[in-house]
Amino acid sequence: MRPWRALATAHAGPAVCGNGTDFMGVFEVDWSAVKLDVEHLVSTVPYWLGVDLAASKDGKGRDPETSYAGVVTTAVLARLREMGADTEGFGSCPPGHTTVRVFALATMGVPWAHFFGRVSDDVMWLVAGSLGNWDDLMRYSWPVFEVLGLVQQLYDESLELECRATCNPEEQSWWGSDSSQRLSASCPCLRAAGLADQAVSVLAAEGLRGRQNALSLVRSVQSLMAEWVGSSRSRGTLALAGDWPVFEALGRLSKELRRLRESSVASPRRPAVVVLYCGPMDLSARLQRWAHGRGVVVRAVQGGLNSAACTEHYVRNSLDVADAVMFISPWTHRWTQLETEETEKVFTNLLSAFQRYPEVELGGAPCVDRAGYWVWPPREVKRKYWKLAYRAFPTGFRAPGAMKTASDWVVGDVTSGTRIYDATLLRKLLNGSVAVRTGLDVAEFLVELDIRGVNARVAAATLVDGTVLREDNYLEHAMWPASLAREYAVEAAEFTPTAGRHIVCLFPNAREANYFAEMRGTVISWCIRERLNRMFQNIAKWWHALGDDYFIVPVSASVLNMVRNGEAEVFPWEADIDINLLTTKPVDDFRALLAEHVDALAQLGSGYKATIRGDRAVFSDTEDTVRMDVWISGGHDLASWDIRTQLAGVEVRLYQDFVFRSFHHYKPGVKVYGHTAGKLLGCLDDHPACMVDCYRRQPSTHCEFDDFVHLNSFL
């Protein structure tokens with residue numbers, strides 16, 4: 001889950017419960033993205049509640065009052081407040097605000113009386129119909145019923161079954177009966193449960209043809225619920241007990257509607273195979289001639305070399321295909337009269353091989369670029385720690401073992417720009433993609449398909465039967481737009497050794513990046529880490545340039561960076577560095593010293609400044625994105641600081657007693673983050689920038705990051 005996914009892209013969507021907008025840099029909430037976050041929370045919070053339960057019993061040091069489920073939901077609420085979402089009012093999306101508020105408080109572990117006192121109006125508003133028709137909620141798949149069902153589970157032992165109590169004694173025995181008997185009950189809540197079950201049965205029997213009948217039943221359920229809530233409210237209570245099956249049935253109904261809508265997309269009139277091209281050449285006639293008699297539909301248009309219009313062409317024509325979709329890269333070449341026959345033969349080989357091996361869902365081929373250089377497509381896509389890199393496999397590909405019968409194929413995470421997809425797989429990858437929502441240039445569109453394919457564990461196959469495509473590498477043309485950076489939590493992307501590094505920073509300053517990292521258990525933003533390391537190196541360069549008797553001593557937790565292999569950079573979970581700038585020369589007033597060097601600091605790197613805070617100076621860059629606490633003093637004996645080492649590429653000094661006291665206080669044998677007492681490294685969900693989980697590791701196993709965590713470890 002990613003909370004900043006709720007930041008809007010530049011795509012304007014529906015005004016209510018839809019996509020947010022970006023107006024002059026001010027973001028509004030994208031409720032369609034928040035909905036995805038809530039759906040994720042509904043599925044993961046039961047797991048974290050189990051973790052909380054285990055933690056309260058295992059006696060291994062975790063604070064039993066710390067609720068992981070509470071932390072997860074609190075992070076979402078905090079992010080909504082940062083984005084300006086008024087979580088105390090209904091705002092632009094009533095079901096969004098209300099559902100998130102009910103859900104968050106429910107997972108905090110508060111007693112029922114306190115919980116219901118806080119959210120009774122919200123629950124009754126969701127149930128009693130102020131929201132409008134429930135079938136609207138189902139149509140847009142908002143997880144209201146799943147949330148209310150979770151509330152039932154959380155409080156199933158703490159609330160007397162009020163619904164059963166409102167039924168007469170005979171009807172109380174009908175609780176476990178079939179829906180037909182419950183439909184004849186006099187108490188509205190029991191009748192509502194029967195109607196909800198009946199709606200599910202209608203869908204199961206009639207499919208989408210029964211949708212209107214099912215939704216009509218849902219409206220009847222809602223009326224009964226409103227009637228019952230009205231009587232319950234007069235007594236000041238409302239039952240949501242675990243064995244009252246209304247919301248459980250409605251949740252099943254909502255999921256069944258989604259499933260039927262997705263399955264109804266199939267149509268016998270769809271073309272079996274579609275070949276798509278959009279690019280600078282007019283290939284329509286040649287491709288039509290090649291496709292004749294092959295049962296292949298060609299849709300080729302002439303457009304820009306790398307344009308959003310071409311992306312729209314690829315997307316629009318991929319949604320109505322039965323079996324396979326073949327993209328021809330805009331960077332294809334060798335289409336002169338003499339070369340066309342060779343190129344068509346290559347396409348024929350690729351398509352035939354794909355059709356021979358049904359286990360191949362995505363296929364491409366090796367390439368030769370316009371300059372005649374070989375391009376080997378299989379790559380490992382590494383997306384971790386706010387970075388993205390396409391890395392070559394040491395021996396060419398991951399393995400052929402994933403597709404044992406496909407001996408003509410090898411497997412990696414990605415393949416060539418010209419590629420063939422199984423049509424069903426492609427529709428899944430396109431569902432909810434940034435390219436579909438906002439439009440991307442073709443190279444970025446292919447990169448997003450790569451990332452979504454990796455997330456879905458798709459084996460990208462490359463044909464190795466001698467077929468060679470004549471096209472330039474699409475990765476050489478890819479950029480990294482802000483919309484993809486936000487969606488996939490990547491601030492620094494490298495696609496090829498020659499294409500350069502693309503950087504999009506997601507946090508305005510170290511404070512916000514550190515807050516996010518502590519709430520989610522991630523490493524610090526790549527941009528913040530890079531700026532912090534660069535600032536430290538530049539300040540150190542300035543200080544050392546003043547003379548041989550000017551030296552640097554790390555203090556506080558920064559000492560641990562130095563002694564634990566911090567030669568290249570500080571720990572990936574650190575958002576600041578604390579240092580002493582010392583000299584053998586007298587320094588009567590460090591403020592006066594800094595005043596002498598204001599211009600020199602401003603000319604370092606991108607420019608730095610120092611602000612006096614009591615006995616220290618706070619160094620920051622001109623945008624105030626990163627800061628360092630620095631203490632400056634003179635009159636020191638350089639010889640006594642006889643231990644030398646490196647911190648983030650800078651020589652620093654220590655002495656024996658200083659090391660002893662630092663180790664005794666900061667415990668370098670334990671990996672913690674946060675304040676001095678710290679928390680053991682660990683991640684609260686499946687964020688791609690997650691830290692390693694040192695708490696759960698057994699002593700015999702390692703608690704360490706892979707090399708990709710380093711700032712400049714890419715290709």
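This section reports on the structure supplied with the text. A quick note: this is a predicted structure, and the numbers were derived from the prediction, not measured. (Residues numbered from 1 in each chain as written. Predicted model: local features only at pLDDT ≥ 70, side-chain atom pairs only at ≥ 80, totals over all residues. Heavy atoms only, no water.)

In a disulfide, the sulfur atoms of two cysteines are held together by a covalent bond. As enumerated under the stated definition, the model contains two disulfides in all. Disulfide pairing is shown between C278 and C310; the S-S distance is 1.9 Å. Taking the torsion about the sulfur-sulfur bond, which here is approximately -60°, the covalent link between C278 and C310 counts as left-handed. Remark: C310 occurs in helix α14 (residues 308-316) and C278 occurs in strand β3 (residues 273-279); sequence separation between them is 32 residues. As far as the burial class goes, C278 and C310 line up, both buried. The side chain of C505 participates in a disulfide bridge whose partner is C527; the two sulfur atoms lie 2.1 Å from each other. The disulfide joining C505 to C527 has a torsion of about -90° about its S-S bond and is therefore left-handed. (Disulfide = S-S within 2.5 Å. Helix = DSSP H or I, 4+ residues; strand = E, 2+ residues; numbered from the N terminus. Buried < 20%, exposed > 50% of the residue type's maximum accessible area, 1.4 Å probe, protein only.)

Moving on, we come to the sheet that holds strand β14 (residues 469-470). Sheet strands pair via backbone hydrogen bonds, and the direction of the pair is either parallel or antiparallel. Strand order in the open sheet formed by three strands is β8-β7-β14, and the pairing between neighbours is mixed. Taken across any chain shown, the strands that pair with only one partner, and hence form the sheet edges, are β8 (374-375) and β14. Taken together, the two bridges between strand β7 (residues 367-368) and β8 define a ladder with antiparallel strand orientation. Residue pairing in the sheet places V368 in a bridge with W374 of β8. (Pairing = 2+ DSSP bridges.)

Interhelical geometry of helix α16 (residues 423-430) versus helix α18 (residues 442-455) gives an angle of 100° and a closest axis separation of 10 Å. Regarding the angle of α16 to α18, the classification is roughly perpendicular. From α16, L426, K428, L429 and L430 reach across to α18, where they touch F445, L449, R452 and G453. (Axes fitted to C-alpha atoms, helices over the stretch in contact; angles between N-to-C directions. Parallel < 35°, antiparallel > 145°, perpendicular 65-115°, else oblique. Contact = heavy atoms within 4.5 Å.)

A word on the pattern of salt bridges. Considering all chains together, one arrives at 19 salt bridges under this definition. With a shortest N-O distance of 2.9 Å, R316 and E312 are connected by a salt bridge. Of this pair, R316 and E312 both sit in helix α14, four residues apart, which is roughly one turn of the helix. Across the pair R419 and D450 runs a salt bridge, and its minimum N-O distance is 3.0 Å. Highlighted residues: R419 in strand β12 (residues 419-422) and D450 in helix α18, separated in sequence by 31 residues. Exposure class is identical for R419 and D450. Each is buried. Among the charged side chains, a network of salt bridges with common partners joins R334, E342 and R470. (Salt bridge = Lys/Arg side-chain N within 4 Å of Asp/Glu carboxyl O.)

The next point concerns α16. Restricting attention to buried positions, one finds in α16 the residues A423, L425, L426, L429 and L430. For α16, the buried positions fall inside an angular range of 155° around the axis, keeping them on one side. Among the residues of α16, the N-terminal cap falls to D422, whose side-chain oxygen and the backbone nitrogen of T424 are separated by 3.1 Å. Downstream of α16 by a residue or two, G432 has a phi angle that is positive, lying close to 80°. (Arc of directions from axis to C-beta. Polar contact = N/O pair within 3.5 Å; in protein donor to acceptor, adjacent residues only side chain to side chain.)

Moving on, we get to the pairing of strand β10 (residues 387-391). In terms of residue burial, β10 counts as a mostly covered element, since four of its five residues are buried. Following strand β9 (residues 380-384), the chain reverses through two residues before pairing antiparallel with β10; Y385 in that reversal takes a positive phi of roughly 55°. By the bridge criterion, three bridges tie β10 to strand β15 (residues 492-494) in an arrangement that is parallel. For A389, the partnering residue across the bridge sits in β15 and is E494.

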